[in-house]
Structure formats: structure tokens, C-alpha cells
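Each chain, letter by letter, is given below.
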Amino acid sequence: MPSSTAHVATTRPERYIKQLISHMGHKATTELSDDGRGVITLSRGQCVLVPSGRGLDLIATAGDAEALAGVQDVITRHLLRFATQEELAVDWTAPVTAESMQIIDPVVSDYLLTHCTPADEVLRELAVKTREATGDAAGMQVSHDEGTLLTMLVRMVGARRAVEVGVFTGYSSLCIARGLPEDGRLLACDVSDEWTSLGRPYWERAGVADRIDLKIGPAIETLRALPAEPSIDFAFIDADKVNYPAYYEEIVRRLRPGGLVVLDNVFLGGRVLDPAYQEEHHLAMRGLNDLIAGDDRVESVMLPVRDGITLARRR
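Residues numbered from 1 in each chain as written. Predicted model: local features only at pLDDT ≥ 70, side-chain atom pairs only at ≥ 80, totals over all residues. Heavy atoms only, no water.

Caption draft 1: The arrangement of the overall build of the protein in detail. Scanning the protein from N- to C-terminus turns up 10 helices and 12 strands. By principal-axis analysis of the C-alpha atoms, the protein measures approximately 70 × 40 × 35 Å. Taking the contacts inside the protein whose residues are at least 6 apart along the sequence as the reference set, 67% of them involve residues at least 24 apart. Approximately 15400 Å² of the protein is accessible, and the part contributed by carbon and sulfur atoms is 52%. Computed over 33 positive and 46 negative side-chain charges, the separation of the two mean positions in the protein equals 4 Å. (Helix = DSSP H or I, 4+ residues; strand = E, 2+ residues; numbered from the N terminus. Contact = heavy atoms within 4.5 Å. Areas by Shrake-Rupley, 256 points an atom, 1.4 Å probe, with all protein chains shown as cover. Lys, Arg positive; Asp, Glu negative; His and termini not counted. Charge placed at Lys NZ, Arg CZ, Asp CG, Glu CD.)

Take a look at the structure:
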């Protein structure tokens with residue numbers, strides 16, 4: 001499902017949004033939120049209208065390129081009609097799909113990696129070992145800046161008991177364990193003894209192996225076997241996406257007040273943003289993202305870190 005955006009320079013974005021919502025309410029489904037965000041749903045697509053500090057941002061989506069052009073035309077014509085006191089320019093970007101969407105520009109990515117605390121020798125060598133041993137699967141390893149973020153979050157929460165769902169070769173496990181105090185414990189869940197075994201020597205070298213309890217087997221069974229009382233301080237979910245909702249539910253009910261759960265890959269390479277993708281893992285992630293945003297048990301924020309992460313703090 002293609003999408004396109006346009007930025008319209010104006011000092012009156014709220015006025016135009018209200019006019020569009022009011023005028024098109026009889027021919028489309030419209031919605032205006034308290035923060036000024038408007039949504040116009042037409043028969044062939046949708047346009048989101050967002051006021052920004054520099055003007056009005058438009059986000060159009062539709063089922064195909066022809067329908068997208070129709071949405072763009074309708075919104076553009078009506079917007080220009082209302083512009084009686086200024087001249088507006090509406091220049092739409094070329095259509096993009098999830099396959100062509102670039103979540104992080106390579107220039108930004110490189111800048112991020114070179115402007116955080118550098119990886120030490122152990123992390124660098126584990127990253128090299130992972131690339132050599134797993135080939136294309138090495139992309140499942142968290143980036144260094146995300147690993148640094150995990151260590152920092154664990155320390156900020158003051159975590160003593162942590163849980164990780166999805167270990168791969170142990171880079172994120174090492175980062176989480178480093179944030180724990182000496183008597184802290186990380187329950188690391190994975191189904192692969194082959195891949196997790198690559199990380200164990202590096203846990204030893206980093207001096208955190210005694211903090212990590214590796215459990216090989218279905219993570220959902222491991223989580224359900226934990227005591228029911230809220231005793232988890234920190235959790236990181238980065239495993240099979242279909243089971244994310246189940247992992248989240250088992251963890252959040254065991255989070256102590258102020259505890260934090262971090263979910264990785266909540267964008268799925270942009271595919272959660274594109275309704276054309278309807279496979280089971282796409283539906284599971286979209287549903288979970290919606291659930292967390294409305295979950296009264298937590299306060300949450302979604303961040304454009306790498307492939308998207310969500311932080312959910314237990315109230």
C-alpha cells in the first residue's frame with residue numbers, strides 16, 4: 001500500500017485542518033483529535049493532517065498508486081480552495097511502500113553509531129564472531145547504539161531482576177547484564193543452543209556470566225512458570241514476532257511498579273505501517289502496538305530507534 005507525504009508552509013495549519021474536516025465531513029469519514037491532528041478517510045484511501053511548528057504535514061495512503069493519486073488530488077484541491085489569504089504550495093513526495101521505506105537514513109545511522117559510548121573489545125569481537133558464524137542472520141543482533149541504550153535503561157531503572165526473550169548470540173544479553181549490579185540476575189530465554197553458545201565465552205570475558213541464567217526452550221513456557229507476583233524490574237523482548245503479544249502479557253503482569261519492558265522491531269521494517277502486509281506476524285505486531293498504546297497498566301512511548309522500539313513502564 002503506497003504512501004506519500006507533503007509539507008505545506010503556512011502559519012495557519014490548525015485553521016486549514018478544521019476547514020478540511022468540516023467541509024469534507026459530508027462526503028468522507030473525518031476525525032479531529034484534541035491535539036489538532038485530523039484524519040480524512042475517503043473511499044479509496046486516507047489522509048492524515050498534522051500541524052507542525054513549520055506548517056502543515058500531510059500523509060496520504062491508499063491501496064495502489066492510482067488511488068493514492070486520487071487522494072492527493074482531492075486533498076490538494078480542497079486545501080488550495082481554502083487558501084484565500086496566502087499562496088500555498090502542495091508538493092507530494094514520490095510514492096513509497098514498506099519495501100522501499102528507509103526507517104533510518106544511512107547518514108543518520110552512521111552518525112548515531114559514532115556518537116555514543118564506543119563498544120569495548122569484547123562487544124566488538126562478539127559482533128565480528130556473530131557476522132562470521134551466522135551470515136545473513138547477523139542482522140538479528142541489536143546495533144551497538146541500541147545495546148548501549150539497553151545498558152543505560154537497566155541502570156536508570158535500578159534493575160536487579162531482568163528478563164530477556166530472544167538471545168541470539170548474546171550481544172543484548174551482555175549489554176543488559178552489564179547494567180545490573182553484581183548480585184543482579186538476567187533470565188535469558190532462547191530456543192537455540194547453537195547460537196547462544198557463541199555468546200557464552202564473551203559473557204565470561206566481560207565478567208557477567210554469573211549474572212545470566214540461560215534457559216533453552218519455548219520462552220512462553222519459561223515465562224508462565226515464573227512466580228505470579230510482580231518482581232521483574234526490566235524486560236527486553238526481541239524474539240519471534242507472532243508471540244510478542246503473549247510475551248508482553250506474561251511479562252507486564254509480573255513487572256513491579258516502575259518496571260520497564262522494551263520491545264524491539266515494532267516497525268517490522270516499515271511493514272506495520274503498510275496495511276498491505278497481512279501475514280500473521282504483521283497482524284500480531286500491529287495489534288500489540290495498538291494494545292500497548294491503550295493499556296492502562298503502563299505508560300508507553302514508541303521511538304524511531306533502528307527498527308522501532310517501544311518502552312512501556314508499569315504504573
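Caption draft 2: Inspection of helix α2 (residues 65-82) at higher detail. Spanning 18 residues, α2 covers 26 Å between terminal C-alpha atoms, matching the ideal 26 Å at 1.5 Å per step. Taken together, the buried positions of α2 are Ala-67, Leu-68, Val-71, Gln-72, Val-74, Ile-75, Thr-76, His-78, Leu-79 and Phe-82. Buried residues along α2 sit in contact with β1 (3-9), α1 (13-24), β3 (38-41), β4 (45-52) and β5 (55-62). For α2, the N-terminal cap is Asp-64; the gap from its side-chain oxygen to the backbone nitrogen of Glu-66 is 3.2 Å. (Expected span 1.5 Å × (residues − 1). Buried < 20%, exposed > 50% of the residue type's maximum accessible area, 1.4 Å probe, protein only. Polar contact = N/O pair within 3.5 Å; in protein donor to acceptor, adjacent residues only side chain to side chain.)

Caption draft 3: Molecular detail of the layout of surface pockets. Here the largest pocket is characterised by a volume of approximately 920 Å³. In terms of lining, the largest pocket is formed by 25 residues, of which the most central are Ile-59, Thr-61, Val-272, Leu-273 and Asp-274. Elements represented by at least two residues in the lining of the largest pocket include exactly β1, β4, β5 and α10 (280-293). Across the lining of the largest pocket, the residue classes tally to 13 nonpolar, eight polar and four charged. (1 Å grid on protein atoms, 1.4 Å probe; cavity = no way out; pocket = protein on both sides within 12 Å on 5 of 7 lines; lining within 4 Å. Points joined across faces, edges and corners; volume = space filled by probe spheres on them. Nonpolar A, V, L, I, M, F, W, Y, C, P; charged D, E, K, R; others polar.)

Caption draft 4: Representation of the pairing of β4. Pairing of β3 with β4, which is carried by four bridges, proceeds in the antiparallel orientation. Following the sheet pairing, Ile-40 is matched in β4 by Cys-47. Examined bridge by bridge, β4 and β5 share eight bridges and lie antiparallel to one another. Of the residues in β5, the one forming a bridge with Cys-47 is Ala-60. In sequence, β4 turns back onto β5 through a hairpin of two residues. (Pairing = 2+ DSSP bridges.)

Caption draft 5: Representation of the packing of aromatic side chains. Tallying each qualifying case throughout the model produces one aromatic pair. Considering the side-chain rings of Phe-168 and Trp-195, the 4.9 Å spacing of their centres and the 85° angle between planes classify their relative orientation as edge-to-face. With Phe-168 in the loop between β6 (161-165) and α6 (171-179) and Trp-195 in helix α7 (residues 193-206), the pair connects residues that are 27 residues apart, well separated along the chain. (Phe/Tyr/Trp six-rings, centres within 6.5 Å; stacked < 30°, edge-to-face > 60°.)

Caption draft 6: Broad picture of the nonpolar core. Core analysis: the largest hydrophobic core is formed by 31 residues, its most contacted members being Tyr-171, Leu-174, Ile-176, Phe-234 and Val-262. Put simply, the parts of the chain that give this core at least two residues each are α4 (121-134), α5 (144-157), α6, β7 (185-190), α7, β9 (232-237), β10 (255-264) and β12 (309-314). It is α6 that contributes the most residues to this core, five residues altogether. Those residues within four positions of Phe-234 in sequence are excluded, and the remaining contacts are Leu-150, Leu-153, Val-154, Ala-159, Arg-161, Ala-162, Val-163, Ile-176, Leu-255, Leu-260 and Val-262. Core analysis: the next-biggest nonpolar cluster, separate from the first, contains 29 residues, Ile-220, Tyr-244, Val-272 and Ala-312 among them. (Core = buried A, V, L, I, M, F, W, Y, C linked by side-chain atoms within 4.5 Å.)

Caption draft 7: Focus on the sheet that holds β9. The strand order β8-β7-β6-β9-β10-β12-β11 describes an open sheet built from seven strands, whose pairing is mixed. Each edge of the open sheet carries a strand with a single partner, namely β8 (212-216) and β11 (298-303). In this sheet, neighbouring strand axes are inclined to one another by 15° on average, regardless of whether the strands run parallel or antiparallel. Where α10 meets the sheet, its contacts fall on β10, β11 and β12, and the angle it forms with β11 comes to roughly 130°. (Axes fitted to C-alpha atoms, helices over the stretch in contact; angles between N-to-C directions.)

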